[in-house]
Amino acid sequence: MENAEIIIKLTPDEALVLSDWLEKVEMTDPSRLVDDEAIWAPIHRLAGTLDSPCLGSSLRTTANV
């Protein structure tokens, strides 16, 4: 399943809620949440996508796993 894509479709309201939550997670001490620092790369990528100007009538986020 290498280089497979996962597509997440959210409404603008859902994207806003997720973006706010991810911002709070990113500001938290990582060692309080997870032991594996590798988890932060996809969290930062997803948060960056949500913060981009693509938040319009629909949001389509693509992440490679």
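Student: Break down the overall build of the protein chain for me, with residues and values.
Tutor: Secondary structure assignment for the protein chain yields three helices and two strands. Seen in sequence order, the protein chain has helices and strands lined up from the N terminus as β-α-α-α-β. Taking all 65 residues of the protein chain together, the buried fraction comes to 17%. Of the roughly 5100 Å² of accessible surface on the protein chain, 56% is carried by carbon and sulfur atoms.

Student: Can you lay out the confidence of the model for the protein chain for me, pointing to particular residues and giving the numbers?
Tutor: When pLDDT is averaged across the protein chain, the result is 75; 78% of the residues are at 70 or more. Confidence, read as mean pLDDT per element, is least for strand β2 (residues 59-64) in the protein chain (45) and greatest for helix α1 (residues 12-26) (88). Note that residues 56-65 has pLDDT below 50 and, in this model, 31 contacts with residues that lie over four places away or in other chains.

Student: Run through helix α3 (residues 40-51), naming residues and quoting values.
Tutor: With 12 residues, α3 should cover 16 Å at 1.5 Å per step; its first-to-last C-alpha distance of 16 Å lies within 8% of that length. Those residues of α3 lying buried are W40, I43, A47 and L50. Seen from one end, α3 has its buried residues packed into an arc of 90°, which puts them on one side.

Calculation criteria
Residues numbered from 1 in each chain as written. Predicted model: local features only at pLDDT ≥ 70, side-chain atom pairs only at ≥ 80, totals over all residues. Heavy atoms only, no water. Helix = DSSP H or I, 4+ residues; strand = E, 2+ residues; numbered from the N terminus. Buried < 20%, exposed > 50% of the residue type's maximum accessible area, 1.4 Å probe, protein only. Areas by Shrake-Rupley, 256 points an atom, 1.4 Å probe, with all protein chains shown as cover. pLDDT = per-residue confidence, 0-100. Contact = heavy atoms within 4.5 Å. Expected span 1.5 Å × (residues − 1). Arc of directions from axis to C-beta.

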